[in-house]
Amino acid sequence: TGGVGAYHDPDRLRAPLIRRRNRGEEEWVEVTWDEALGHIAEKLQKIKAEHGPEAVALFSHGIGGNFLKHTFKAFGTPNIAAPSFAQCRGPRDAGFLLTFGEDIGSPERTDIRNARCIVLIGSHLGENMHNTQVQEFAEAVGKGATVIVADPRFSVAAGKAMHYLPVKPGSDIALLLAWMNVIVTEGLYDEDFVAQHGFGFDYFKAEIATRTPEWAYPETGIPPEKIRESAREMARHRPATLIHPGRHATWYGDDTQRSRAIALLNALMGSWGRKGGFYYPSSMDVPGYPYPPYPKSERGKVDNPGRKYPFAHETITTGIREATISGEPYPVKGWFVYATNLFHALPNESETIRAIQALDLLVVVDVIPSEIAGWADVVLPEATYLERYDDLNVEYFRDPFVALRQPVVDPPHDQKPNWWIARELALRLGLGDYYPWKDVEEYLDHRLKGAGLSLATLKEKGLVKGPPAPAFFDEGVEPVWPTPSGKVEFYSPQLEQAGFDPVPRYRRQAEGPPGSFRLLFGRAPVHSFSRTQTNPILRDAMAENDLWVNAGVGARLGLATGDYVRLRNQDGVVSNRIRVRVTEAIRPECVYMVHGFGHTAKGLRSAYGRGASDAQLVTRYEIDPLMGGTGMNVNFVSIEREG
Ligand SMILES: Nc1nc2c(c(=O)[nH]1)N[C@H]1C(S)=C(S)[C@@H](COP(=O)(O)OP(=O)(O)OC[C@H]3O[C@@H](n4cnc5c(=O)[nH]c(N)nc54)[C@H](O)[C@@H]3O)O[C@H]1N2
Ligand SMILES: Nc1nc2c(c(=O)[nH]1)N[C@H]1C(S)=C(S)[C@@H](COP(=O)(O)OP(=O)(O)OC[C@H]3O[C@@H](n4cnc5c(=O)[nH]c(N)nc54)[C@H](O)[C@@H]3O)O[C@H]1N2
Ligand SMILES: [Mo]
């Protein structure tokens, strides 16, 4: 439905644009593709000559960016980043890597459909519509799986739960430690798994000995009996107990440690490598296209100087932004932005603006005139996914597969697909050697032939599966733990050596100013981030977001459902107006809204000014010292009545 709406979206970008006056004023001249790409190539070469190729960064989200990544690697820059690391799943993957030596990956390796007990810590599946996960969640609930949900807000998933724990925001580590305390002291854990695979269990056990449910009660607001009952329920179903690792994990800046606590609770359940826990994914062997090697960068990446964040295993978007502002460790002068609206994705928009003002060139490839496009020097309109080929999808998943995305309609105006843009730009940069193929069909067919398939087959079938590979220990997967100790690290010498807690510890989150509420946010089923609010079909389903306000608070402030308010954050930023929803379904110290609304870009005519933007209110963020993720649930707002 969203795809059809995107095709018909009257607010779409139609032709390449070059900025006419000042950045951010959204005044454009329409140009030809040749003019736009010629202009970009000239500017990129100038930056390269003056500052080196590393002075250009590519921000790119999703598979559509593959060909542009290729072009920019050939250009010579290692500075390529997506918000899906430092603003999303980075801490989770770092926490699991530190514990099991393997990360969760995307798509997630969670065996939700076979789980007998599913524990969701803020993962609001059902509102978060990660497709396969939601389908599997429904299947598991249908088969009678127990659901346990910890969330300050009564989410859709909470409505399916046996135990709903309305945890105080930011106290999850306390809850996790208390759960583990119960499971260890009552001897409910998988002793064989721990004995065979665990490292440092005694140290861990001693660390959590005082973390009783009674200790956790004042921190979390969850009564000790409730913590005990839910812990015992988890243990009853092990190893088919999945404590879901979450995805958007950048909450409070202690997120890698929270994720490590989640990993350790799973280890106690013995759910790793077991049905109903975490499977071992596999992928189809589809060789890449044989390109010449990329030039090596002498200076290395700019985002994490001196490995300040020792456990960052991907590039940090906000690290590139910081380097762009400071010029350290070296200057960044060009940003090429593909399919990511950095104004809604990165915290603190004034820093994004400062970085942009330090650039010699900002290019944005988008399908609609988003906020980031509004600040660009050159805007390139892309064909939507129904109008183009993308690179082959050969992600690691349950069964190995290769999937093709192919055009079903032509672009309605002068929009072009990413592969064409990436190739044409490369040719103008003198990088023709990196594009030996003439068009994407030739590229796709060549790669598929390498796997004994062909483009013709994929065009017909869409997706081809390989033979299933063993996915669990009892199917023959060897338990190998690529951690330094070669074991599952209950105690982490790596963390200790780097000056961090070797076993997760709880620290209380700072409270907001009196009379303020912690700002929380999440997903709505029909919308994706900040990208679908102009989509005519999806807008019909949900045109603006609501502010969830606790019923007692509503009564105290004299607020009723349907009233409009504005939010003022701790730094004086005032939101657009937002409609109140007074409800029992949220704790009193926080308010909640769906992310992605409150657009300020003039070209987004049908979404402009509708609802409020959480991103605008996220002026503060708490950096995770382990991996550089930006915890964003650390902002507080007061509620001001309209009029
Ligand atoms: N429809 C739709 N689905 C999507 C997306 C989309 O844009 N649209 N985006 C996808 C992407 S990339 C991601 S990463 C996921 C994100 O989705 P998830 O990873 O599931 O969740 P979050 O956005 O982190 O968290 C939102 C939930 O956490 C709760 N929460 C807030 N603070 C706390 C706290 O301190 N403790 C606990 N226990 N809970 C808390 C909120 O009340 C809310 O229910 O969604 C994916 N699915
Ligand atoms: N405040 C706050 N910040 C967040 C989050 C939050 O909940 N609150 N969530 C975080 C998470 S989990 C993530 S994963 C990130 C997501 O961050 P982003 O991926 O940046 O998400 P969007 O804001 O939707 O920006 C995507 C942009 O790509 C454009 N686009 C859509 N389709 C196409 C296409 O086919 N081609 C091209 N070229 N462009 C296209 C859209 O119009 C939009 O401008 O944000 C993170 N930041
Ligand atoms: Mo995400």
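Refer to the structure above for everything that follows.
A quick note: this is a predicted structure, and the numbers were derived from the prediction, not measured.

Undergrad: So what about the sheet that holds strand β9 (residues 241-243)? Which residues, and what values?
TA: Sheet architecture is open: 4 strands sit in the order β7-β6-β5-β9, paired in parallel fashion. Where the open sheet ends on each side, the last strands, each with one partner, are β7 (163-165) and β9. Between one strand axis and the next, the sheet turns by 10° as a mean value, whatever way the strands run. Strand direction decides the pairing type here: strand β5 (residues 117-121) and β9, joined by 3 bridges, are parallel. Bridge pairing links C117 to T241 in β9.

Undergrad: Outline the pattern of salt bridges, supporting the account with residue identities and numerical values.
TA: By the definition in use, this model includes 48 salt bridges. In this structure, the salt-bridge partner of K143 is E139, at a minimum N-O distance of 3.8 Å. Judged by relative accessible area, which is 43%, K143 ranks as partly exposed. For the salt bridge of E441 with K459, the shortest nitrogen-to-oxygen distance reads 3.7 Å. Here E441, found in helix α17 (residues 440-449), pairs with K459, found in helix α18 (residues 455-461); they are 18 residues apart in sequence, far enough to count as distant. Look at E441 and you get partly exposed, because its relative accessible area is 35%. Through salt bridges that share partners, R89, R92, D93, E108, R247 and E314 make up one connected network.

Undergrad: Lay out the sheet that holds strand β12 (residues 378-381) with the relevant residues and their values.
TA: Taken in spatial order, the 7 strands make up an open sheet running β2-β1-β12-β11-β10-β3-β4, and their pairing is mixed. Of all the strands in the sheet, the pair left with one neighbour each is β2 (28-30) and β4 (80-81). As judged from the 4 bridges shared by strand β11 (residues 361-366) and β12, these two strands associate in the parallel manner. Its bridge partner lying in β12, V363 is registered against V378. Contacts from helix α3 (residues 66-75) reach β3 (56-60), β4 and β10 (334-338), with the element oriented near 165° to β3.

Undergrad: Pulling in residues and values, what's your account of helix α2 (residues 33-51)?
TA: Helix length check: α2, at 19 residues, gives a terminal C-alpha distance of 26 Å against a target of 27 Å (1.5 Å per residue), a fit within 8%. Taken residue by residue, α2 has W33, A36, L37, I40, A41, L44 and I47 as its buried positions. Viewed end-on, α2 has its buried residues packed into an arc of 130°, placing them on one side of the element. α2 presents D34, E42, K46 and A49 as exposed residues on the side facing more than 90 degrees away from its buried surface. Looking one or two residues past α2, G52 carries a phi angle of roughly 90°, positive in sign.

Undergrad: Pulling in residues and values, what's your account of the site of ligand 2?
TA: Around ligand 2 sit 27 residues in total, of which H61, T340, D366, E382 and S530 are the nearest. At 2.4 Å, a side-chain N or O of H61 approaches an oxygen atom of ligand 2. Coverage of ligand 2 by the protein chains reaches 95% of its 930 Å² of free accessible surface. For the shell around ligand 2, the secondary structure elements donating two or more residues are α4 (83-100), α13 (342-345), β11 and α22 (614-617).

Undergrad: Talk me through the packing of aromatic side chains; I want residue IDs and the actual numbers.
TA: One pass over the structure, following the stated rule, counts 35 aromatic pairs. Aromatic pair F343 and W375: ring centres 6.0 Å apart, planes at 20°, arrangement stacked. One end of the pair, F343, is in helix α13; the other, W375, is in the loop between α15 (371-374) and β12, and 32 residues separate them in sequence. A residue is classified by how much of its surface remains accessible, and W375, at 17% relative accessible area, is buried. Taken together through their ring pairs, the aromatic side chains of F96, F100, F193, W272, F278, Y280, F473 and W481 make up a single cluster. The positively charged end of R211 is found above the aromatic ring belonging to W215, 4.5 Å away from the centroid.

Undergrad: Can you tell me about the site of ligand 1, naming the residues and giving the values?
TA: Around ligand 1, the structure places 31 residues, and the nearest of them are D151, D172, H248, Y252 and H527. Within the contact set of ligand 1, a nitrogen atom lies 2.9 Å away from a backbone nitrogen or oxygen of A150. For ligand 1, whose unbound accessible area comes to 920 Å², protein coverage reaches 96%. Tallied by class, the residues present in the shell around ligand 1 amount to 15 nonpolar, 10 polar and 6 charged.

Undergrad: Explain the environment of R153 to me, using residue names and the numbers behind them.
TA: With respect to the helices and strands, R153 occurs in the loop between β6 (146-150) and β7. Using a relative accessible area of 2% as the deciding quantity, one classes R153 as buried. Placed 397 residues apart in sequence, R153 and N550 show a C-alpha to C-alpha distance of 9.5 Å. Once residues within four sequence positions are removed from consideration, R153 is found in contact with H124, E127, Y164, W548, A585, I586 and Y592.

Undergrad: I'd like to hear about the pairing of β12, residue by residue, with values.
TA: Burial along β12 is two-sided: the residues V378 and L380 and V379 and P381 are all buried. Examined bridge by bridge, strand β1 (residues 17-19) and β12 share 2 bridges and lie antiparallel to one another. Residue pairing in the sheet places I18 in a bridge with V378 of β12.

Undergrad: Lay out the pairing of β10 with the relevant residues and their values.
TA: If a strand is regular, its side chains alternate between the two faces of the sheet. Across the 5 residues of β10, 5 count as buried, placing the element largely inside the fold. Neither face of β10 is open: one carries G334, F336 and Y338, the other W335 and V337, and all of them are buried. Relative to β10, β3 is paired through 5 bridges, and the arrangement is parallel. Looking across to β10, one finds that F59 is bridged to V337. Sheet topology note: the β10/β11 ladder contains 5 bridges and is parallel. The residue of β11 that forms the bridge with V337 is V364.

Undergrad: Give a description of the nonpolar core that names residues and reports values.
TA: The biggest cluster of nonpolar side chains holds 68 residues, and the ones touching the most others in it are W179, M180, F204, M234, L268, W272 and F490. Of the residues forming this core, the biggest block, 11 residues, is contributed by helix α6 (residues 172-185). Excluding anything up to four places from it in sequence, F204 contacts M180, V184, L264, L268, F490 and V503.

Undergrad: Let's hear about the packing of α6 against helix α10 (residues 224-236): which residues, and what values?
TA: For the pair α6 and α10, interaxial distance at closest approach is 9 Å and the crossing angle is 65°. The two elements α6 and α10 meet at a crossing, and its hand is right-handed. On α10, the residues that touch L175, A178, W179, V182 and I183 of α6 are I227, R228, S230, A231 and M234.

Conventions we followed
- Residues numbered from 1 in each chain as written.
- Chains lettered and ligands numbered in written order.
- Predicted model: local features only at pLDDT ≥ 70, side-chain atom pairs only at ≥ 80, totals over all residues.
- Heavy atoms only, no water.
- Pairing = 2+ DSSP bridges.
- Helix = DSSP H or I, 4+ residues; strand = E, 2+ residues; numbered from the N terminus.
- Axes fitted to C-alpha atoms, helices over the stretch in contact; angles between N-to-C directions.
- Salt bridge = Lys/Arg side-chain N within 4 Å of Asp/Glu carboxyl O.
- Buried < 20%, exposed > 50% of the residue type's maximum accessible area, 1.4 Å probe, protein only.
- Contact = heavy atoms within 4.5 Å.
- Expected span 1.5 Å × (residues − 1).
- Arc of directions from axis to C-beta.
- Near = heavy atom within 4 Å.
- Polar contact = N/O pair within 3.5 Å; in protein donor to acceptor, adjacent residues only side chain to side chain.
- Areas by Shrake-Rupley, 256 points an atom, 1.4 Å probe, with all protein chains shown as cover.
- Phe/Tyr/Trp six-rings, centres within 6.5 Å; stacked < 30°, edge-to-face > 60°.
- Lys NZ or Arg CZ within 6 Å of the ring centre and 35° of its normal.
- Nonpolar A, V, L, I, M, F, W, Y, C, P; charged D, E, K, R; others polar.
- Core = buried A, V, L, I, M, F, W, Y, C linked by side-chain atoms within 4.5 Å.
- Left-handed = near helix turned anticlockwise from the far one by under 90°.

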